[in-house]
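Structural description and commentary
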Amino acid sequence: MSAGSPHTRVAETPMAPDAGARMHAFVAELYPFCRSITGDGLRRTLALIASRIPLELHEVPTGTPVFDWTIPREWNIRDAYVKNAKGERVIDFRESNLAVVSYSAPVRATMTLAELRPRLHTLPDRPGWIPYRTSYYKEDWGFCLSHDRLQSLPEGTYEAVVDSTLAPGSLTYGELLLRGERADEVLISAHACHPSLANDNLASLAVATELAGMLASAPRRYSYRFVFAPGTIGAIAWLAANREGVDRIRHGLVLACLGDAGRPHYKKSRRGDALIDRVAAHVLTHHGPHAVREFSPLGYDERQYNSPGFDLPVGSLTRTPNGAYPEYHTSADDLAFVRPEALADSLSILLDIVSVLEEDAVYRSTSPFCEPQLGKRGLYAALGGRTSQDDLEVAMLWTLNLADGRHGLLDIAERSGLPFDRIRRAADLLREHELLVPAEDAR
Ligand code: ZN
């Protein structure tokens, strides 16, 4: 297949040069919405993603039992503020939707600053930033503000208003299945419940949307399932609705925090030796500075996918992990904190991971008794003297040697120390010259 055709393999599809800028623009478009684990901000976010890829929206009614949990009442908010005696808004939801504790119950109260103070959340160590706080499962209300702002408030009487509703409704999640040649699935999951926070997790929604768009127009061996859901309760709801189907998931990734300037981190699946764990480690090794961590039941929805009843081969890809950067869960996780080049870099890692999953295969050399003569087939001549092509020559020798019907291309890449993509190119070339044939697919 030639590059540029509508059916070009993912491994041969170059990333658009403006992909980073485009993803950043999408983050900026989604940024203002007041998302939570239910409600219209979440719904509008998923609808906007659905305008780019054929995402299906699902609604799970309030009160639905999902394993040990229950879908909560739906939360919607129109306004929230604290006004001083002069009627000025000193805390204002319209300025930042982080200003109200997510899931705050409706309230309209006049109280002294001393009475209000226990409900005001600040970050004394970062006095210019507004923290992000939630109270999903305990009915409560409160406000978040910069410590500087709090310090500037004189004693006196204030009016606190949260114009919200907590009422029967539903929880929304989005799902897209791109069917491939096989029913076996690759799961890509990202949480979609945070309000105006850019890296956590609009960056990953934008990267996953771009990835889905690219995969949609490529030939696929695997089927790809994208799940965009509110954190914890959304993934639990999805798993409850799909309990029977999850055994089709062969590999999976939870995506989070993919837009900061930090190096990429991969956290292994609970199993620790799943193919996705090997593939991610291999790709990152050849990508540049990175870290691979063992599984822990912390973080995002890998906690649910890796719960012992499911034990799915799902790892987690982030840049700087959650909680490991000071801007995490604060107003400083803003549009400037997310970098177009980091978004593009994250997408390129995912494309490399997908390429390995798609292209890994077991071949058999048609000429296993001594090396086949590459020169008479023009394979040396075709390569010339460039260093990268010498690498391709080395890759051909490794591939011919290990193409014994037992080693796959990833095995060969790992053993040779060469990047998978070079081994794949060598295998393509050798197949063109009928020096390799597919063996029984061992995977
Ligand atoms: Zn978060």
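All of these numbers come straight from a predicted model, not from anything done at the bench. (Residues numbered from 1 in each chain as written. Predicted model: local features only at pLDDT ≥ 70, side-chain atom pairs only at ≥ 80, totals over all residues. Heavy atoms only, no water.)

**So, the overall build of the chain**
The following threshold applies: Note on conventions: DSSP H or I runs of at least 4 residues are helices, E runs of at least 2 residues are strands, and numbering of each starts at the N terminus. What makes two residues a contact is simply this: any of their non-hydrogen atoms within 4.5 Å. Areas reported here follow the Shrake-Rupley algorithm with a probe of radius 1.4 Å; residue values treat only the protein chains shown as occluding. Here the positive residues are Lys and Arg and the negative ones are Asp and Glu; neither His nor the chain ends is included. Every charge is mapped onto a representative atom, which is NZ of Lys, CZ of Arg, CG of Asp or CD of Glu.
The helix and strand tally for the chain stands at 13 helices and 19 strands. Overall, the chain is about 90 × 45 × 35 Å in size when its C-alpha atoms are taken along their principal axes. Long-range pairs, those at least 24 residues apart, make up 80% of the contacts in the chain with a sequence separation of at least 6. Counting every atom, the chain has about 18600 Å² of accessible surface; 50% of that belongs to carbon and sulfur. Across the chain, the 48 positively charged side chains and the 57 negatively charged ones have centroids separated by 1 Å.

**With respect to the coordination of the zinc ion**
Ideal values differ by geometry: the angle at a metal is 109.5 degrees with four tetrahedral donors, but 90 or 180 degrees with six octahedral donors. Defined as follows: Each metal's donors are the N, O and S atoms within 2.8 Å of it, or within 3.2 Å when it is Na, K or Ca, and because water is not part of the set, sites may look incomplete.
Those donors, H194 (NE2), D200 (OD) and H329 (NE2), are the protein atoms that reach the zinc ion, and they lie 2.0 to 2.1 Å from it. Mapped onto the sequence, the donors of the zinc ion take the spacing H-x5-D-x128-H. Of the two residues, H194 sits in the loop between β11 (185-191) and α5 (198-216) while H329 sits in the loop between β16 (314-318) and α9 (340-359), which places them 135 residues apart along the sequence.

**Side note on the packing of aromatic side chains**
The cut-off we apply is this: Geometry of aromatic contacts follows a simple scheme: Phe, Tyr and Trp rings, the Trp one being its six-membered ring, pair when their centres are within 6.5 Å, and the pair is stacked under 30 degrees between planes, edge-to-face over 60, tilted otherwise. Throughout this description, the term charge over a ring refers to an Arg CZ or Lys NZ atom that lies within 6 Å of the ring centre and within 35 degrees of the ring normal.
In this structure the tally under the stated criterion is 10 aromatic pairs. Pairing W75 with Y103 gives two aromatic rings, centres 5.7 Å apart and planes at 25°, and the pair type is stacked. Taken together, the residues W75 in strand β4 (residues 74-83) and Y103 in the loop between β5 (89-92) and β6 (107-112) connect sequence positions 28 residues apart. Members of the aromatic cluster, joined through ring pairs, are W69, W75, Y103, Y136 and Y137. One residue, R182, lies across the ring of Y222, its end atom 5.4 Å from the ring centre.

**Structural notes on the sheet that holds β4**
Here is the rule we go by: For two strands to count as paired, DSSP must find a minimum of two bridges between them. Where helices are involved, their axes are fitted lines through C-alpha atoms of the stretch in contact, as for all axes, and angles between N-to-C directions lie from 0 to 180°.
With antiparallel pairing, the 4 strands of this open sheet are ordered in space as β5-β4-β9-β6. This sheet does not close on itself; its edge strands, each paired only once, are β5 and β6. The average undirected angle you get between the axes of adjacent strands in this sheet is 15°. Direction of pairing for β4 relative to strand β9 (residues 157-167): antiparallel, over a ladder of 9 bridges. In the strand pairing of β9, I77 is matched with S164.

**Section: the pattern of salt bridges**
To be explicit about the condition: Any carboxyl oxygen of Asp or Glu within 4 Å of a side-chain nitrogen of Lys or Arg constitutes a salt bridge here. For every residue, the accessible area obtained with a 1.4 Å probe (protein chains only) is divided by the maximum for its type, and the residue is called buried under 20%, exposed over 50%, and partly exposed between those limits.
Inspection of every chain in the model, using the stated rule, returns 33 salt bridges. Where E175 meets R225, a salt bridge forms, and the shortest distance between an N and an O atom there is 2.7 Å. With E175 in strand β10 (residues 170-178) and R225 in strand β12 (residues 223-229), this residue pair connects regions lying 50 residues apart in the sequence. A relative accessible area of 9% means that E175 is categorised as buried. Residues joined by salt bridges that share partners form a network here, namely R9, E12, E359, D421, R424, R425 and D428.

**Section: the domain arrangement of the chain**
Selection rule: As annotated, the domain borders come from an automatic or database domain assignment.
Considered domain by domain, the chain is made up of domain 1 (19-71 + 170-358), domain 2 (76-167) and domain 3 (362-438). Computed from C-alpha coordinates alone, the two centres of domain 2 and domain 3 are separated by 64 Å.

**Thoughts on unusual backbone geometry**
Look at the link from D200 to N201: it is a cis peptide, with omega at 15°. Looking at the element boundaries, N201 is found in helix α5. One non-glycine residue, T232, lies in the positive phi region at around 60°. Relative to the helices and strands, T232 resides in the loop between β12 and α6 (233-241). A residue is classified by how much of its surface remains accessible, and T232, at 17% relative accessible area, is buried. With a phi close to 55°, H329 is a non-glycine residue in the positive phi region.

**Considerations on the state of the cysteines**
Disulfide: a covalent bond formed between the sulfur atoms of two cysteine residues. Rules: Cysteine sulfur atoms are paired as a disulfide whenever they come within 2.5 Å of each other.
Inspection of the entire model under this criterion finds 0 disulfides. No disulfide involves C34; its nearest neighbouring cysteine sulfur is the one of C144, lying 11 Å away. For C34, a relative accessible area of 19% translates into the label buried.

**With respect to the packing of helix α1 (residues 19-30) against α9**
Our working rule: For classification purposes, an angle smaller than 35 degrees is called roughly parallel, one larger than 145 roughly antiparallel, one from 65 to 115 roughly perpendicular, and anything else oblique. Residues are grouped as follows: Ala, Val, Leu, Ile, Met, Phe, Trp, Tyr, Cys and Pro are nonpolar; Asp, Glu, Lys and Arg are charged; every other residue, Gly included, is polar.
One way to put it is that α1 packs onto α9 with a least axis distance of 7 Å and a crossing angle of 110°. Here α1 is positioned roughly perpendicular relative to α9, judged by the angle of their axes. Each of A19, G20, A21, M23 and H24 in α1 lies in contact with α9, whose residues at this interface are P340, L343, A344 and L347. When grouped by side-chain class, the residues that make up the contact of α1 with α9 number 7 nonpolar, 2 polar and no charged.

**Remarks on the nonpolar core**
Using the following cut-off: Grouping buried Ala, Val, Leu, Ile, Met, Phe, Trp, Tyr and Cys residues that are joined through side-chain atoms within 4.5 Å yields what is termed a nonpolar core.
Counting residues in each nonpolar core, the largest one holds 81 residues, and the members touching the most others are L211, F226, F228 and I353. It is α5 that provides the largest number of residues to this core, a total of 11 residues. Two domains each provide a minimum of three residues to this core, namely domain 1 (19-71 + 170-358) and domain 3 (362-438). Ignoring any residue separated from it by four or fewer positions in sequence, one finds F228 in contact with L46, I49, I53, L55, Y173, G174, A190, L205, A208 and T209. Formed by 62 residues, the second largest nonpolar core is a distinct cluster that contains C34, V66, F143 and A160.

**Notes on the side chain of S36**
Going by this rule: Any pair of N or O atoms that falls within 3.5 Å is considered a polar contact. Within protein, one atom must be able to donate a hydrogen and the other to accept it, and sequence-neighbouring residues count only if both atoms are side-chain atoms.
With respect to the helices, strands and loops of the structure, S36 is situated in the loop between α1 and α2 (40-50). Polar side-chain contacts of S36 include one of 2.9 Å to the side chain of S102.

**Side note on the sheet that holds strand β1 (residues 56-61)**
Strand-to-strand pairing in sheets goes through backbone hydrogen bonds, with the strands running parallel or antiparallel. As summarised here, the arrangement of the 8 strands in space is β1-β10-β12-β11-β13-β16-β14-β15, forming an open sheet in which the pairing is mixed. Strands at the two margins of the open sheet, each flanked by one partner only, are β1 and β15 (291-293). Each strand of the sheet is rotated relative to its neighbour by a mean of 20°, with strand direction disregarded. Note that β10 and β12 share 5 bridges and pair antiparallel.

**Digging into helix α12 (residues 409-416)**
With 6 of its 8 residues buried, α12 lies for the most part within the structure. Of the positions making up α12, those classed as buried are L409, L410, D411, I412, A413 and S416.

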